[in-house]
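# A look at the structure
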Amino acid sequence: MRGVLTRLVSAALVVWAAATCAFLVLQLIPGDPVYAIVGSDALVSEEQHERIRAEYGLDQPLVVQYLHYVVRLATFRFGDSYQLQQPVATVLADQLWPTVQLALAATALAPLLAVLVTVATSGRRNWPRRVSAAVELVVVSTPSFWLGIMLLTIFSFRLGWLPVSETGGVASLVLPTITLALPIAAVLSQVMREGLLAALDQPFAVTARARGVPETAVRYRHALRHSALPALTMAGWFTGTLLGGAVIVENVFARPGIGRVTLQAVGDRDLPVVQGVVALSAVVFVAVSVLVDLLYAVVDPRLRRRTGVQAI
């Protein structure tokens, strides 16, 4: 019970800290929010300007605005979008599914690619590991927007195999998924390969060999599971990469979703939308962290007694 309570408190603190940082950073963005509400080209008298500020609570001290903001978040009320004149919850709900599709596809593809590369390059020969490490370094160092443009140039413009932008079909999801998944897969494969090689020298691997277990079974049945633990540790980075990468990928491939809404809201200084996105991202991050804690107990039997999680 104490562990569950500690997790809940930690989760609440993470969400509060992320929301607070978003509030403070957005206050530093130059420009008057009133012009984000009425439009930058609108002619607004001083009286109308003050009336709009009072209507949205922008005339109150910063501390009061912050307290109202925290209370709204605690009660799941994000306010209305300045630009769209709709509740933020409605705006996010309308754009959530395309981003979820992209994130789920990348989440499935990245670990699969990482495992395949790990298995293919974890032998005794050095040259496959060196080639794989060089390719992974290039992929990780390549900006997502450039990688997406290169994939579009090759597979859409020149070969014509895949659509250039969102068409509503599965084919339009292929290139954005690859763009988002490749950098994640490159990092995961590096971590898993090092973990696999380290696990092969552990006592359990030596004991398994002494009992006559084939080397292939030792490598891929026992050691590969242990190599997944360091990769699970990176779940926070994994989640942040998905959320941050979605902003770039959705704009490169002209896909609808939270990423495009976020970029537009930042440019228009649509504070309620940005704050809602940050709160949603923090909740997703916390949920993934809790899920990883549970997966630790599934992957590593030594942790099951501590957490009470049973093997699946």
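Heads up: these notes are all about the structure in this document. (Residues numbered from 1 in each chain as written. Predicted model: local features only at pLDDT ≥ 70, side-chain atom pairs only at ≥ 80, totals over all residues. Heavy atoms only, no water.)

### With respect to a nonpolar patch on the surface
A grouping of Leu 5, Val 9, Leu 13 and Trp 16 is seen on the molecular surface, where their side chains present a nonpolar patch of about 410 Å² in accessible area. Structurally, the position occupied by Trp 16 is in helix α1 (residues 2–28). (Patch = residues over 30% accessible without salt bridge, like charges linked within 9 Å, V, L, I, M, F, W, Y side chains within 5 Å. Areas by Shrake-Rupley, 256 points an atom, 1.4 Å probe, with all protein chains shown as cover. Salt bridge = Lys/Arg side-chain N within 4 Å of Asp/Glu carboxyl O. Helix = DSSP H or I, 4+ residues; strand = E, 2+ residues; numbered from the N terminus.)

### Focus on unusual backbone geometry
Note: most peptide bonds trans; most residues except glycine with negative phi. If you check the backbone angles, Ala 254 has positive phi at about 55° while not being a glycine. Accessibility expressed as a relative area gives 34% for Ala 254, which makes it partly exposed. (Buried < 20%, exposed > 50% of the residue type's maximum accessible area, 1.4 Å probe, protein only.)

### Examining helix α6 (residues 127–141)
The periodicity of an α-helix, 3.6 residues per turn, causes residues three or four positions apart to be oriented the same way. Taking 1.5 Å per residue as the helical rise, α6 with its 15 residues ought to reach 21 Å, and the 21 Å between its terminal C-alpha atoms agrees with that figure. Listed as buried for α6 are Pro 128, Ser 132, Glu 136 and Val 139. Each buried residue of α6 lies within a common arc of 60° when the element is viewed along its axis, so the set occupies one face. Structural note: α6 exposes Trp 127, Arg 130, Leu 137, Val 138 and Ser 141 on the side pointing more than 90 degrees away from its buried face. Structurally, α6 contributes buried residues whose contacts are with α5 (88–121) and α8 (171–199). (Expected span 1.5 Å × (residues − 1). Arc of directions from axis to C-beta. Contact = heavy atoms within 4.5 Å.)

### Description of the layout of surface pockets
Estimated volume of the largest pocket: approximately 1100 Å³. Elements supplying a minimum of two residues to the lining of the largest pocket: α5, α8, α10 (215–233), α11 (235–252), α12 (258–268) and α13 (271–299). In terms of residue count, the dominant contributor to the lining of the largest pocket is α13 (14 residues). Size it by volume and the second largest pocket reaches roughly 420 Å³. Around the second largest pocket, the lining is made up of 22 residues, and of these Tyr 56, Leu 58, Gln 65, Arg 72 and Tyr 82 lie nearest the centre. Contributions of two or more residues to the lining of the second largest pocket are made by α1, α3 (46–55), α4 (62–74) and α13. Tallying contributions element by element places α4 first for the lining of the second largest pocket, with 4 residues. In terms of residue class, the lining of the second largest pocket is built from 10 nonpolar, 7 polar and 5 charged. (1 Å grid on protein atoms, 1.4 Å probe; cavity = no way out; pocket = protein on both sides within 12 Å on 5 of 7 lines; lining within 4 Å. Points joined across faces, edges and corners; volume = space filled by probe spheres on them. Nonpolar A, V, L, I, M, F, W, Y, C, P; charged D, E, K, R; others polar.)

### Observations regarding the packing of α6 against α8
Running from N to C, α6 and α8 point in directions that differ by 145°, and their axes come no closer than 8 Å. The handedness of the crossing between α6 and α8 is left-handed. Along the contact surface, α6 presents Arg 129, Ser 132, Ala 133, Glu 136, Leu 137, Val 139 and Val 140, while α8 presents Leu 182, Pro 183, Ala 186, Val 187, Ser 189, Gln 190, Arg 193 and Leu 197. Among the residues forming the contact of α6 with α8, the class breakdown is 9 nonpolar, 3 polar and 3 charged. (Axes fitted to C-alpha atoms, helices over the stretch in contact; angles between N-to-C directions. Left-handed = near helix turned anticlockwise from the far one by under 90°.)

### Focus: the side chain of Thr 99
Positionally, Thr 99 belongs in helix α5. From its side chain, Thr 99 meets the backbone nitrogen of Ile 258 in a polar contact 2.7 Å long. Among all residues touching Thr 99, those that are not within four sequence positions of it are Ala 246, Glu 250, Gly 257, Ile 258 and Gly 259. (Polar contact = N/O pair within 3.5 Å; in protein donor to acceptor, adjacent residues only side chain to side chain.)

### Observations regarding the pattern of salt bridges
Following the criterion strictly, the structure yields 1 salt bridge and no others. The partner of Glu 136 in a salt bridge is Arg 193, with the nearest N and O atoms 2.8 Å apart. Residue Glu 136 is located in helix α6, and its partner Arg 193 is located in helix α8; the two are separated by 57 residues in the primary sequence. Take Arg 193: its relative accessible area is 4%, and that puts it in the buried class.

### Points about the nonpolar core
Within the largest apolar cluster, 22 residues are counted, with the highest numbers of intra-cluster contacts made by Ala 110, Leu 175, Leu 180, Ile 184, Leu 188, Phe 238 and Leu 242. Residue assignment for this core shows that the elements contributing at least two residues are α5, α7 (144–158), α8, α10 and α11. Of all the elements, α8 adds the most residues to this core, at 8 residues. Here Leu 188 is in contact with Pro 111, Ala 114, Ala 231 and Phe 238, once residues within four sequence places are set aside. Membership of the second largest hydrophobic core comes to 16 residues, among which are Leu 92, Ile 258, Ala 265 and Val 273. (Core = buried A, V, L, I, M, F, W, Y, C linked by side-chain atoms within 4.5 Å.)

### A short note on the packing of aromatic side chains
Applying the stated rule across the entire model yields 4 aromatic pairs. With a centroid separation of 5.3 Å and an interplanar angle of 25°, the aromatic rings of Phe 23 and Tyr 69 are classed as stacked. In this pair, Phe 23 sits in helix α1 while Tyr 69 sits in helix α4, placing the two residues 46 residues apart along the sequence. As far as burial versus exposure is concerned, Phe 23 and Tyr 69 are alike and both buried. Considering the side-chain rings of Phe 155 and Trp 161, the 6.0 Å spacing of their centres and the 45° angle between planes classify their relative orientation as tilted. (Phe/Tyr/Trp six-rings, centres within 6.5 Å; stacked < 30°, edge-to-face > 60°.)

Remember that the coordinates give geometry; whether it matters functionally is a separate question.
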